[in-house]
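A structural walkthrough
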Amino acid sequence: MYEDIRTDFLIIGSGVAGLRAAIELAGKGEITVVTKDIMKESSTEYAQGGVAVALSDEDEVGIHYEDTIRAGDGLCIKPAVEVLVSDGPWRIRELIDWGAAFDMKGTKLDFTLEAAHTRRRVLHAHGDSTGREIGKVLLSKVTAESEIKRLTFSVAVDLMVHDGRCLGAVILREGKLYRVFAKATVLATGGGGQIYARTTNPEVVTGDGMAIAWRAGAVLRDMEFVQFHPTALYAPGAPQFLLSEAMRGEGGRLLNIYGEPFMKKYHPDGELAPRDVVSRAIISEMVETKSPHVYLDLTHLDAGFIKGRFPRIYQTCLRYDVDITRDRIPVSPAAHYMMGGVMTDTDGRTSIEGLFAAGEVTCTGVHGANRLASNSLLEGLVFGARAGMSARDYASRMSEPVPKTYLPPHGSGSIDHYDYNEVRSLIRRVMWERVGIIRCSESLGIAKERLGAFKGLLEGTYLTRKEVEVKNMLQTGLLITEAAFRRECSIGAHYRSDRKSKEGCRYHLLMKREDDGNMSFWEEQCD
Ligand code: FAD
Ligand code: SIN
């Protein structure tokens, strides 16, 4: 049933984190990067606003640290934040040396402002194509290394874990299953935005990594924390295209459908209040005005400036007949980023020997309960490199050959009773309506029941990408729901309308699948 592939290092995912890990491993053995689609298809490719880094004359690493901690609402893991902000400048300089062309103001790097940053510290490229520029530079380095093999259109289905050690992963490629044996494996599959009906994330981002790691018995942390971006395009027939926070950083205003500014009613920082505050404020205005959207308005800014500063957004909106220099832009929130994920230490080690992880799939603890805007590209660079180093050190100590007799568990769940498109759509709607920006015990209970009705799907082994994705969306959706149900308080991006208080909320929620298939949960108090 399986064909075998041997490699020294297996990297799953080709966004900023996976590519950066691959670069770190170059020269240390054969590296295989597997990815679901073409190499560049990832959230990284669509990242707009920029990358936060303390490199401007007015900034300091310590101020970036404080801003990150404040945004995380008491749940950041401080040593992880220290690593992020202090490795950050070095990783960005390295990227510039490799050819990254960040926008300049005269002879100096140009920094923009985003919500909850007390300094202008967000570097951008080609105005609003920062992720694309970073991905391009990393990919050209990866492509130049002959010992890095790229397996595109290959879906990681499950990790292979034997005697507590990760031996690699089962990959689905062109309808066939492969056992890819590796001395060390790096999981870098990104987040799970597609689990929600409204999301800024591309189609490849279906929560696979969390589900895969869960099935393998890895510890997951703080899965209930999902960040909703306040401003995604709301136009007939248009995708929920992101309207960067940098647009508000440059002076964009939020107006309700009557043209009234409203943000100051909700927070003294107005348009630049923390993301969760802005998202909830928009929802309140939408409810009050009985409208499915509010407006983002840039029409008071110079048209030439807008076109130059946000060229990709300008062109994309025009395709949907919205001229952002002249029209108010209809927007509403959408699922954007997962703070929770596979628990790692500051060196990308997971709770499973031989398995490392980096990027949005992880919970390093740098984001706490709410991510500071533009910290995730930086996280991918910093922790992608660190996970690569750890994988290299681990492999150099590991002498015994991988056991070729290992057989991955083969599920017996049936696919026959389900229409996958229907299940996919139901998961997305349930998550959006019941496990969204505002949750409560009742909504979460309903979600548990509705999603739980499809639990039979979780047991199957499937041979198409679509089926594998639906299984993972269901699994990760259930984990988010269960965690949100258990955290009976409101903190950061997790807002419970039935328990609005933060009291007793300063803990991390950890979860793990036990050998008998049951979920176990435990709490760790924050320092
Ligand atoms: P991704 O870049 O998502 O890459 C994941 C990779 O894993 C992809 O290659 C995917 O195909 C692959 N994959 C997934 N599942 C499997 C599987 N089962 N098998 C094989 N391969 C798999 N952050 C910022 O810091 N600044 C910004 O300005 C910013 N803007 C954003 C704008 C948008 C529209 C979006 C969606 C996100 C934005 N973010 C931003 C968040 C940031 O882009 C992501 O958090 C970050 O790029 C994640 O990087 P990653 O490498 O972890 O995952
Ligand atoms: C944005 O440009 O608004 C996205 C920034 C981020 O998610 O970090």
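Higher on the page you've got the structure.
So, here's what we can say about the structure. The structure displayed is predicted, hence computed values, not measured ones.

Moving on: the overall build of the chain. Looking only at helices and strands, the chain features 15 helices and 21 strands. For a compact globule of 527 residues, the expected C-alpha radius of gyration is about 24 Å, and the chain comes in at 22 Å, within 12% of that figure. Principal-axis analysis of the C-alpha atoms gives the chain an extent of 65 × 55 × 45 Å. Here the chain, with 527 residues, has 62% of them falling under the buried criterion. In the chain, of all internal contacts separated by at least 6 residues, the share reaching a separation of at least 24 is 72%. Summed over its atoms, the accessible surface of the chain is roughly 19,600 Å², and 49% of this surface lies on carbon and sulfur atoms. With 66 positive and 72 negative side-chain charges, the chain shows a spacing of 1 Å between the two charge centroids.

Taken together, 38 residues lie near ligand 1, and T44, G50, D208, E360 and S376 sit nearest. Contact distances for ligand 1 include 3.0 Å between an oxygen atom and a backbone N or O atom of A17. Between T35 and ligand 1, the recorded distance is 3.0 Å, taken from a side-chain N or O atom to an oxygen atom. Alone, ligand 1 offers 1,000 Å² of accessible surface; in the complex the protein occludes 98% of this. Its residues placed into classes, the shell around ligand 1 shows 13 nonpolar, 20 polar and five charged.

What follows is about the sheet that holds strand β16 (residues 329-338). One open sheet holds the four strands; their spatial order is β13-β16-β15-β14, and the pairing between them is antiparallel. A strand with exactly one partner marks an edge of an open sheet, and here the two such strands are β13 (226-233) and β14 (253-255). When strand polarity is set aside, the average angle formed by the axes of neighbouring strands in this sheet is 45°. In the sheet, β13 pairs with β16 via six bridges, with the strands oriented antiparallel. Looking at β16, one finds that L233 is bridged to V331.

If you trace the three strands from one edge of the open sheet to the other, you get β3-β7-β6, paired in antiparallel fashion. Of all strands in the sheet, those bounded by a partner on one side alone are β3 (51-52) and β6 (111-112). Sheet topology note: the β6/strand β7 (residues 122-123) ladder contains two bridges and is antiparallel. Looking at β7, one finds that F111 is bridged to L123.

Around ligand 2, the structure places Q48, G49, E114, H229, L242, S244, E245, R275, H336, R371, A373 and S374. A distance of 2.6 Å is found between an oxygen atom of ligand 2 and a side-chain nitrogen or oxygen belonging to S244. S374 is positioned such that a nitrogen or oxygen atom in its backbone is 2.6 Å from an oxygen atom of ligand 2. Considering ligand 2 on its own, with 260 Å² of exposed area, one finds that the protein chains cover 94% of that surface. Each residue belonging to the shell around ligand 2 can be placed in one class, and the counts come to two nonpolar, six polar and four charged.

Reading the values: rules and limits
- Residues numbered from 1 in each chain as written.
- Chains lettered and ligands numbered in written order.
- Predicted model: local features only at pLDDT ≥ 70, side-chain atom pairs only at ≥ 80, totals over all residues.
- Heavy atoms only, no water.
- Helix = DSSP H or I, 4+ residues; strand = E, 2+ residues; numbered from the N terminus.
- Rg over C-alpha atoms; globule rule 2.2 N^0.38 Å.
- Buried < 20%, exposed > 50% of the residue type's maximum accessible area, 1.4 Å probe, protein only.
- Contact = heavy atoms within 4.5 Å.
- Areas by Shrake-Rupley, 256 points an atom, 1.4 Å probe, with all protein chains shown as cover.
- Lys, Arg positive; Asp, Glu negative; His and termini not counted.
- Charge placed at Lys NZ, Arg CZ, Asp CG, Glu CD.
- Near = heavy atom within 4 Å.
- Polar contact = N/O pair within 3.5 Å; in protein donor to acceptor, adjacent residues only side chain to side chain.
- Nonpolar A, V, L, I, M, F, W, Y, C, P; charged D, E, K, R; others polar.
- Pairing = 2+ DSSP bridges.
- Axes fitted to C-alpha atoms, helices over the stretch in contact; angles between N-to-C directions.

These results come straight from atomic positions and should not be treated as a statement about function.
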